[in-house]
Amino acid sequence: MTDLEIAKIHLDGHSICLCYDGSIITDDGRGISPMMQLISEKKDLKGWSVADVIIGKATAMLFVKAGIRAVFGKVMSKVAKKFLETHGVICEYEILTKQIINRAGTGMCPMEQTVADIDDAEIGYSALCRKLAEMRKNGT
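Summary of the structure given here. Predicted model only: the values in this text are computed from it and were never measured. (Residues numbered from 1 in each chain as written. Predicted model: local features only at pLDDT ≥ 70, side-chain atom pairs only at ≥ 80, totals over all residues. Heavy atoms only, no water.)

1. Brief notes about the overall build of the chain
Operational definition: Runs of E in the DSSP output that reach at least two residues are strands. Runs of H or I that reach at least four are helices, and both are numbered from the N terminus. Between the two quantities, the radius of gyration covers C-alpha atoms and the globule rule is 2.2 Å times the number of residues to the power 0.38. Only protein chains enter the accessibility calculation, which uses a 1.4 Å probe. A residue is then buried if its area is under 20% of the maximum for its type, exposed if over 50%, and partly exposed in between. We call two residues in contact whenever any of their non-hydrogen atoms come within 4.5 Å of each other. For the area figures, the Shrake-Rupley method with a 1.4 Å probe applies, and any residue is considered shielded solely by the protein chains shown. Neither His nor the chain ends is counted toward charge; the positive residues are Lys and Arg and the negative residues Asp and Glu. In this description, the location of a charge corresponds to atom NZ of lysine, CZ of arginine, CG of aspartate or CD of glutamate.
Of regular secondary structure, the chain possesses 6 helices and 5 strands. Mapped from its N terminus to its C terminus, the chain presents α and β elements in the order α-β-β-α-β-α-β-α-β-α-α. Against the compact-globule benchmark of 14 Å for 140 residues, the chain has a radius of gyration of 14 Å, which places it among compact chains. If you line up the chain on its principal axes, its C-alpha atoms span 45 × 30 × 30 Å. The buried share among the 140 residues of the chain stands at 45%. Summarising the internal contacts of the chain: among those between residues at least 6 apart in sequence, 40% fall at separations of at least 24. As presented, the chain carries roughly 7,600 Å² of accessible surface, and 50% of it is formed by carbon and sulfur atoms. Between the averaged position of the 18 positive side-chain charges in the chain and that of its 18 negative side-chain charges there is a distance of 6 Å.

2. Describing the pairing of strand β2 (residues 23-27)
Quick note on the threshold: Pairing between two strands is assigned when DSSP locates at least 2 bridges connecting them.
Strand direction decides the pairing type here: strand β1 (residues 16-20) and β2, joined by 5 bridges, are antiparallel. Bridge pairing in β2 links Cys 19 to Ile 24. In textbook terms, the turn of a hairpin is the stretch between consecutive antiparallel strands, and for β1 and β2 this stretch comprises 2 residues, one of which, Asp 21, has a positive phi near 50°.

Here it is in structure tokens:
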């Protein structure tokens, strides 16, 4: 069984599951927060596989920055799929969608808006850090 298959099995009940050579990390955090946390902790994820509930371009950028090699999304945006494939990341999904919407269902996810015109994972990560800090400051 591959790491990606194991990650998919262990995703049930979590928002994200990462797997590498028998090691499994699960998290129940919302949105991009689990990957932001792992990156900020400098967790070595090079070569890991990930199953995630929702994968948009913001999450895809974090996966590329972290060195993830394969991903599965229950829902994946077309732009995330393209970004992952462009960076040599294997990707699978259940549902491919035009875009990831915000939690209120009224428009595009703010994290997706933040990276919409960015094509570099490092620059995207910096932009996401700034956006999250701004949202915390504003209480949103």
